[in-house]
Amino acid sequence: MKKSVLVTMGSVVVIVPLFLLALSINENKAEQKVINEVPKIKHMETISAEWSKHFPRQYDSYVQTKKSDKITDMLEKNPALVVLWAGYGFSKDYNAPRGHSYMLEDNINTLRTGAPVDGNTGPMPTACWTCKSPDVPRLMEKIGELDYFTGKWARFGSEIVNPVGCADCHDNETMRLTITRPHLKRALDAEGSLKAADATHQDMRTLVCAQCHAEYYFKPTDWTDKNGEKKVAKVVTFPWANGFAVEDMEKYYDDINFADWTHQVSKTPMLKAQHPGYELYKTGVHALNGVSCADCHMPYVREGGVKYSSHNVGSPLDNIANTCLNCHSSDEKTLRDTIARKLERKDELSKTAMDVIGKAHLEAGKAWELGATEEEMKPVLLDIRHAQWRWDYSIASHGSFFHAPEETLRILGSAINKGQDARVKLRTVLARYNAADYVAPDFSTKEKAQQVIGLPYQKLVDEKMNFLNTLREEWIKEATAKGLYDPKTREGLEFKTSYK
Ligand code: HEC
Ligand code: HEC
Ligand code: HEC
Ligand code: HEC
């Protein structure tokens, strides 16, 4: 063999593998680039189990919210509520909040959302899903906000299927806290003291919660779809333009003549306070000292050498050592007793307010029955509207007695005062119709109260069960076919309601 041929062959033997090696390095680089470029978690990934592959600790603690599963029937506990909410969904069914894992189930199971038979029936609008699932921002992005806020609740039964998840609060690429509800940004900007764009990291540790734990109403908004069809959206709106105080929001609603419903007995144009948790918290000493919701409800915990935020959002009393005692030098028992006393004080005034306002509604009903005129009743109804709004505002967020004790008690005081104003005026009206000694009927149990307002309770329960066994099952099948449903979210959840 010639030397040159040998050299050539030798070169080939050396060069080809080198070439292949270079190629493979290049390929590896390309692959690495692809790995680096493609986010590990896809945009608006609503299935939290997908995020858990990267963040198992946060996910495992988030799943622990399933343990807070107790149903507390608030109507049983405070029967006056049935009278206060007569003609409105809350008189049918209302439970105290429980773990985040239950938010979707509870929304679907409550008698308030009724028993739709298809996507166009039922009492509630789509807006009722808004603080229940990361599928909400996903849908808003997909079909547009106004379309999302149009139609009946049942329209999205097979689309909104995951309870609050990682995508509600985190950006998938950076994991930074993020606001996924555009109405919160708009409301912050309208209020003005903290513009959404100026929020610091510490602010965000509160604002992610304020997306849902805030007062809102459904603002009717006209729009035209792409086929030129005129539609009305009911857009979740936080009434903050005049400020965060209860009087500011009362004025906001009065100025636009807004009513959530007309009271069945007293005919008052009513306001339903939702859960102004953020707004009341802001008036408390903790907020004034920069303590965030997460500081108390998502404490840092340690596992081996790793420190992470517990995503088991629940009562800080379950973990006083890692929450309160980070800042306070007092002992557990003193703190527990302090909180218990704050709760008792709130309960005392709240009970008085409910009793006063309940009686005012029934006395107003009697006055109408006897022939009272619009003119006689107008000032009475304004007092009732304001009394109930204030009472509801002060207690509806459940934590206000602790977050902002003084403000909560101040508002309750003003609610009782307004309620008594209504009753004083009503005595005069009733006297004019020879009923000065009228005594409102007994509403001291849930059953009695539901009879007083004539609620067809059993019918509502039967219809609900029918819905749960039919359309609701269809929704799960459809959502599974679309790849949206994760059965893990329902694993281990027991069917618990106030009615079955
Ligand atoms: C997507 C909306 C949403 C977000 C975001 C959200 N919550 Fe909630 N939260 C709810 C709903 C709805 C419930 C009631 C669930 C139920 O009763 O089924 C609830 C319940 C709770 C409860 C009661 C838990 C229990 O076990 O009794 C606490 C406490 C709470 N939330 C605090 C927070 C805090 C703190 C944040 C922010 C870190 C937050 N939430 C963020 C919607 C939300
Ligand atoms: C209600 C809002 C909310 C939801 C839902 C939520 N997180 Fe968080 N997450 C927070 C807050 C608040 C922090 C604390 C952020 C900080 O101070 O840096 C946090 C922190 C984190 C961190 C940073 C490390 C740590 O533990 O502090 C990771 C990672 C994380 N979350 C993952 C997840 C995953 C995975 C999910 C879904 C299973 C999830 N989060 C759901 C609010 C949320
Ligand atoms: C300084 C600590 C602290 C801060 C800050 C704080 N909370 Fe609370 N929160 C508590 C305590 C304590 C309770 C009462 C718990 C109990 O009774 O078991 C509570 C109760 C609640 C409840 C009612 C839970 C139930 O099941 O009745 C909700 C909802 C809630 N907080 C949400 C929030 C939100 C949202 C923020 C921020 C806007 C926030 N909290 C800020 C300590 C705090
Ligand atoms: C991040 C720090 C921090 C955490 C966590 C915290 N606090 Fe505080 N707390 C404060 C500060 C600061 C004040 C205001 C002190 C002052 O003005 O002298 C305060 C004030 C108080 C007060 C007196 C004011 C009032 O509202 O009655 C009580 C009671 C209280 N905290 C209880 C608690 C409890 C219970 C917890 C746990 C659920 C808790 N705190 C968690 C920092 C904290």
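Before reading on, note that the structure itself is shown above.
Residues numbered from 1 in each chain as written. Chains lettered and ligands numbered in written order. Predicted model: local features only at pLDDT ≥ 70, side-chain atom pairs only at ≥ 80, totals over all residues. Heavy atoms only, no water.

> Is there a simple way to explain the site of ligand 4 in this structure?
Close to ligand 4 lie 16 residues; His286, Cys324, Cys327, His328 and Lys342 are nearest. Within the side chain of His286, one N or O atom sits 2.8 Å away from a nitrogen atom of ligand 4. For ligand 4, an oxygen atom lies 2.5 Å from a polar atom in the side chain of Lys342. Elements represented by at least two residues in the shell around ligand 4 include exactly helix H14 (285-288) and helix H16 (332-369). It is H16 that provides the largest number of residues to the shell around ligand 4, a total of 4 residues. Its residues assigned to classes, the shell around ligand 4 comprises 10 nonpolar, 5 polar and 1 charged. (Near = heavy atom within 4 Å. Polar contact = N/O pair within 3.5 Å; in protein donor to acceptor, adjacent residues only side chain to side chain. Helix = DSSP H or I, 4+ residues; strand = E, 2+ residues; numbered from the N terminus. Nonpolar A, V, L, I, M, F, W, Y, C, P; charged D, E, K, R; others polar.)

> Just to check I follow, could you spell out the environment of Lys219 for this structure?
By the secondary structure assignment, Lys219 is in strand E1 (residues 217-224). A sequence separation of 66 residues divides Lys219 from Trp153, and the C-alpha atoms of the two residues are 16 Å apart.

> How do you make sense of the coordination of the iron atom of ligand 4 when you look at a structure like this?
Put simply, the ideal angle at a metal is 109.5 degrees for four donors in tetrahedral geometry and 90 or 180 degrees for six donors in octahedral geometry. Every protein donor of the iron atom of ligand 4 is listed here as His286 (NE2) and His328 (NE2), and their distances to the metal cover 1.9 to 2.0 Å. The coordination sphere of the iron atom of ligand 4 comprises 6 donor atoms, whose angles at the metal cover 88 to 180°; the geometry is octahedral. Here the residue His286 occupies a position in helix H14, and His328 occupies one in the loop between strand E6 (306-309) and H16, the gap between them amounting to 42 residues. Assessed through its relative accessible area of 39%, His328 is described here as partly exposed. (Donors = N, O, S within 2.8 Å, 3.2 Å for Na, K, Ca; no water. Tetrahedral: all angles 85-135°; square planar, octahedral: opposite > 155°, others 65-115°. Buried < 20%, exposed > 50% of the residue type's maximum accessible area, 1.4 Å probe, protein only.)

> For this particular structure, what's the right way to read the coordination of the iron atom of ligand 3?
Protein-derived ligands of the iron atom of ligand 3 are His297 (NE2) and His403 (NE2), with the metal-ligand distances lying across 2.0 Å. In this structure, the iron atom of ligand 3 is surrounded by 6 donor atoms whose angles at the metal cover 85 to 180°, and the resulting shape is octahedral. With a gap of 106 residues between them, His297 in helix H15 (residues 293-297) and His403 in helix H18 (residues 400-403) connect regions that are remote in the sequence. For His297, a relative accessible area of 25% gives the class partly exposed.

> What's the story with the pattern of salt bridges in this structure? I'm lost.
A pair can form between side chains of opposite charge whenever their charged atoms are brought close. In the structure shown here, the tally under the stated rule is 34 salt bridges. The partner of Arg472 in a salt bridge is Glu105, with the nearest N and O atoms 3.0 Å apart. Residue Arg472 is located in helix H22 (residues 471-481), and its partner Glu105 is located in helix H6 (residues 103-109); the two are separated by 367 residues in the primary sequence. Each member of the pair, Arg472 together with Glu105, is buried. One salt bridge in this structure joins Arg390 and Glu250, with 2.7 Å as the shortest N-O distance. Of this pair, Arg390 sits in helix H17 (residues 374-395) while Glu250 sits in helix H12 (residues 246-255), and the two are 140 residues apart along the sequence. Each member of the pair, Arg390 together with Glu250, is buried. Put simply, Asp135, Arg138, Glu159 and Lys482 are held in one network by salt bridges that share partners. (Salt bridge = Lys/Arg side-chain N within 4 Å of Asp/Glu carboxyl O.)

> Please explain the nonpolar core as it appears in this structure.
Inside soluble globular proteins, nonpolar side chains tend to come together where they are buried. Within the largest apolar cluster, 105 residues are counted, with the highest numbers of intra-cluster contacts made by Trp129, Trp240 and Trp391. In terms of residues, this core owes the most to one element, H17, which gives 9 residues. Ignoring any residue separated from it by four or fewer positions in sequence, one finds Trp240 in contact with Leu184, Ala187, Leu188, Glu191, Ala214, Glu215, Met249, Tyr278 and Glu279. (Core = buried A, V, L, I, M, F, W, Y, C linked by side-chain atoms within 4.5 Å. Contact = heavy atoms within 4.5 Å.)

> Can you help me understand the packing of aromatic side chains in this one?
Remark: the centre distance and the inter-plane angle together describe each pair of aromatic rings, the angle taken between the planes. For the structure shown, the criterion picks out 27 aromatic pairs. Between Tyr216 and Phe218, the ring centres sit 5.6 Å apart and the planes meet at 25°, which makes this aromatic pair stacked. Here Tyr216 matches Phe218 in class, with each residue buried. The cationic tip of Arg112 hangs over the ring face of Phe90; the distance from NZ or CZ to the ring centre is 3.9 Å. (Phe/Tyr/Trp six-rings, centres within 6.5 Å; stacked < 30°, edge-to-face > 60°. Lys NZ or Arg CZ within 6 Å of the ring centre and 35° of its normal.)

> Would you take a moment to explain the site of ligand 3 for this structure?
Neighbouring ligand 3 are 22 residues; Cys293, Cys296, His297, Ser315 and His403 lie closest to it. Within the side chain of Ser315, one N or O atom sits 2.6 Å away from an oxygen atom of ligand 3. With respect to ligand 3, the side chain of His403 contributes an N or O atom lying 2.7 Å from a nitrogen atom. Within the shell around ligand 3, the residues separate by chemical class into 12 nonpolar, 10 polar and no charged.

> Just to check I follow, could you spell out the pairing of E6 for this structure?
The two faces of a sheet get side chains in turn, since along a regular strand they alternate between them. Bridge count for strand E5 (residues 300-303) against E6 is 4 bridges, and the pairing is antiparallel. Considered in E6, the bridge of Arg302 is made with Lys307. If you look at the hairpin formed by E5 and E6, you'll find 2 residues sitting between the two strands, and Gly304 has a positive phi there, around 60°. (Pairing = 2+ DSSP bridges.)

> What am I meant to see in the packing of H17 against helix H19 (residues 405-432) here?
Relative orientation and spacing of two packed helices are given, respectively, by the angle between their axes and the distance between those axes. It is the contact of H17 with H19, at a shortest axis distance of 8 Å, that shows an interaxial angle of 155°. One finds that H17 runs roughly antiparallel with respect to H19. Between H17 and H19 lies a crossing whose hand is left-handed. For the contact of H17 with H19, the residue count by class is 14 nonpolar, 5 polar and 7 charged. (Axes fitted to C-alpha atoms, helices over the stretch in contact; angles between N-to-C directions. Parallel < 35°, antiparallel > 145°, perpendicular 65-115°, else oblique. Left-handed = near helix turned anticlockwise from the far one by under 90°.)

> Just to check I follow, could you spell out unusual backbone geometry for this structure?
Only a minority of non-glycine residues have a phi that is not negative, and only a minority of peptide bonds are not trans. Its identity as a non-glycine residue notwithstanding, Met175 has a phi of 65°, on the positive side. The topology assignment puts Met175 in the loop between helix H9 (166-169) and helix H10 (182-191).

> It is not clear to me how H22 should be interpreted in this structure. Could you clarify?
Structural remark: α-helix, 3.6 residues per turn; residues separated by three or four positions point the same way. Residues of H22 that are buried: Leu471, Arg472, Trp475 and Ala479. The arc enclosing the buried residues of H22, seen along the axis, measures out at 100°, which places them on a common side. Seen from the buried face of H22, the exposed residues on the opposite side, beyond 90 degrees, are Lys477 and Ala481. Looking one or two residues past H22, Gly483 carries a phi angle of roughly 75°, positive in sign. (Arc of directions from axis to C-beta.)

Everything listed here is a matter of coordinates, which is why it stays silent on function.
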